[in-house]
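Listed here are the chains, written in short residue letters.
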Amino acid sequence: MPDIKKIKNALISVYHKEGLDEILLALNNEEVNFISTGGTRDYIESKGYSCRAVEDLTGYPSILGGRVKTLHPKIFGGILARRSNQSDQAQMQEYEIPDIDLVIVDLYPFSDTLASGAEEEEIIEKIDIGGISLIRAAAKNFKDVIIVASREQYNPLLNLLTENGAVSTLEERKWFAKEAFAVSSAYDTEIFRWFDNGEHSHFRFAEDEAKVLRYGENPHQKGFFYGRFDTLFEQLQGKEISYNNLLDIDAAIALIADFDELTFAILKHNNACGIASRPTVKEAWEAALAGDPISAFGGILVCNAPIDKAAAEEIGKIFFEVIIAPDYDTDALEILMRKKNRIILIQKEYPEYGLQFRSLLNGVIAQERDLKTEVESDLKPVTTKRPSAGETEDLLFANKLVKHTKSNAIVLAKNRQLCASGTGQTSRVDALKQAIEKAKSFGFDLDGAVMASDAFFPFPDCVEIAGNEGIRAVIQPGGSIKDNLSIEYCNEHDIAMVITGIRHFKH
């Protein structure tokens, strides 16, 4: 078959030697000739295999402190020559260039060097030139050459050698080429981002881990996740995590990260339907559930403390999709794992948040994440009445929550517990009315509660409605040209108001 190619000569030049031994053995058993440089050549020969030095093939030594080793026509000609092209083959014979049928290379560890805090000179020296050039050349000529561009492709290559010997199909070579360009593009992205130094002059993003999801937001949509979920979470049991699960998990851990005290939250469609801070997990769970026991059905649960047996016995009584915690007591896990489809996650660490971005129109919009969490010193009292210590605690609690609620958003809270929220309304008044109606439907007494708004009040209508329901303190960003109208109403009706100067829109 014309697309079947035999490996006769292999160029191997790798920074990391781990995992190479089995490949060398398999290639040697197939009588493949080795060509290599410096440390890799020494390693191959230390295993008892003969290896031709690149310098012997090119007639040039490694120069410029190792910056130039493989950049030579006798190397790149052997890789790029088209085996079916008579002119190419004639030149190969004329210049005594051997075919190179397999290239195994990995790149200098640029990202690791950057992460180590190295000086600029050392970072620059880890910008690979020869390796990246070999990858591109071999991948371009995939019709004749196999390219292995990182350790992640060692196992696929070994499987190929084990099953087929030193031969490959066009389909196999094209797959390796595709993976190679993924490696090179990600590598170049890291280098660009270092040079860009946070200026965001071009949008470049690369992620090596790809997972095909069952579907997207709806069953008729395809869905994919690009990232390393396992670095953040350990999944103890449960079904495959879905696109919508991922959205909710992201919202859940972003919310819970803003709370230092023991807190339990229940989310539905990225918004909290219940949340409370209490001395124990069981108490926090019960108070969070009381906020909306109906919406909690099929929800996402998150807690910033280990789940104990007492809490698990209560949590296990309802149907939920996902639970996230830093740990679980053994007897708590026994209870929670009785329903096998429940997704039980241990959160190992929080993500290092960079830019948020989404595709729209014919491009991409990007922004820094909203990582601002107000503290008491950020609050500016603007009314005659000042909030009490308890009210201040509730205002900060509610303000954390409104930050993570879809705009327009109003949050009503009391005693570090969500009474209700109005989410995603086109009118702030409608958001408030939604919250009031919901709080009453679940038996909350709003007398003495506090109100948080994600943006300013253009008119005094919201504080008037809230005041009539017994709301005694309000937190909002301020910034309206009519702030004074809301402030005056509060002064006239003995309501405390503080302004933060920070808006928290979420769309």
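Residues numbered from 1 in each chain as written. Predicted model: local features only at pLDDT ≥ 70, side-chain atom pairs only at ≥ 80, totals over all residues. Heavy atoms only, no water.

## A look at the environment of proline 98
In step 1: With respect to the helices, strands and loops of the structure, proline 98 is situated in the loop between helix H5 (86-94) and strand E5 (102-105).
In step 2: Sequence separation between proline 98 and isoleucine 75 is 23 residues, and the spatial gap between their C-alpha atoms is 8.4 Å. (Helix = DSSP H or I, 4+ residues; strand = E, 2+ residues; numbered from the N terminus.)

## Topic: a nonpolar patch on the surface
In step 1: A cluster of nonpolar side chains, namely Phe203, Phe205, Leu355, Phe357 and Val364, defines an oily patch on the protein surface of about 420 Å² accessible area.
In step 2: One can find valine 364 in strand E17 (residues 363-368). (Patch = residues over 30% accessible without salt bridge, like charges linked within 9 Å, V, L, I, M, F, W, Y side chains within 5 Å. Areas by Shrake-Rupley, 256 points an atom, 1.4 Å probe, with all protein chains shown as cover. Salt bridge = Lys/Arg side-chain N within 4 Å of Asp/Glu carboxyl O.)

## Points about the sheet that holds E5
In step 1: The five strands lie next to each other as E4-E3-E2-E5-E6, forming an open sheet whose pairing is parallel. Strands at the two margins of the open sheet, each flanked by one partner only, are strand E4 (52-53) and strand E6 (146-148).
In step 2: By the bridge criterion, three bridges tie E5 to E6 in an arrangement that is parallel. Paired with valine 103 across the bridge in E6 is isoleucine 147. (Pairing = 2+ DSSP bridges.)

## A closer look at the side chain of aspartate 454
In step 1: Position of aspartate 454 relative to the elements: it lies in the loop between strand E21 (450-453) and helix H18 (461-468).
In step 2: Relative accessible area serves as the criterion here: at 0%, aspartate 454 is assigned to the buried category.
In step 3: In terms of polar contacts, aspartate 454 uses its side chain to reach the side chain of serine 407, at 2.4 Å.
In step 4: Among residues more than four places away in sequence, those in contact with aspartate 454 are Val402, Ser407, Asn408, Ala409, Arg428, Pro477, Arg503, His504 and Phe505. (Buried < 20%, exposed > 50% of the residue type's maximum accessible area, 1.4 Å probe, protein only. Polar contact = N/O pair within 3.5 Å; in protein donor to acceptor, adjacent residues only side chain to side chain. Contact = heavy atoms within 4.5 Å.)

## Considering the pattern of salt bridges
In step 1: Considering all chains together, one arrives at 20 salt bridges under this definition.
In step 2: Residue glutamate 18 pairs with arginine 151 through a salt bridge whose shortest N-O separation is 3.8 Å. Pair noted here: glutamate 18 is in the loop between strand E2 (9-13) and helix H1 (21-29) and arginine 151 is in the loop between E6 and helix H9 (154-164), with a separation of 133 residues, a long-range link.
In step 3: Beyond isolated ion pairs, a larger network of salt bridges with shared partners links Arg83, Asp99 and Asp101.

## Some words on the nonpolar core
In step 1: Ile104 and Ile147 are the most contacted members of the largest nonpolar core, which has 55 residues in total.
In step 2: Those residues in contact with isoleucine 104, other than ones at most four positions away along the chain, are Leu11, Ile12, Ser13, Val14, Ile23, Leu27, Val148, Tyr154 and Leu157. (Core = buried A, V, L, I, M, F, W, Y, C linked by side-chain atoms within 4.5 Å.)

## Here's the deal with the sheet that holds strand E12 (residues 271-277)
Strand pairs in the sheet, formed through backbone hydrogen bonds, run parallel or antiparallel to each other.
In step 1: One open sheet accounts for six strands, arranged E10-E15-E14-E13-E11-E12; its pairing is mixed. Looking at the sheet topology across the chains shown, the edges are occupied by strand E10 (233-237) and E12. For this sheet, the mean angle separating the axes of adjacent strands, direction not counted, is 20°.
In step 2: Alignment of strand E11 (residues 263-268) against strand E13 (residues 299-303), held across four bridges, turns out to be antiparallel. Within E13, the position partnered with alanine 265 by the bridge is valine 302. (Axes fitted to C-alpha atoms, helices over the stretch in contact; angles between N-to-C directions.)

## Remarks on the pairing of E12
In step 1: Counting buried positions over the seven residues of E12 gives seven, a clear majority of the element.
In step 2: Here six bridges tie E11 to E12, and the two strands are oriented antiparallel to one another. Within E12, the residue paired with threonine 263 across the bridge is serine 277.
In step 3: The hairpin formed by E11 and E12 contains two residues between the paired strands, and histidine 269 there has a positive phi angle of roughly 50°.

The values are spatial; any link to function lies outside them.
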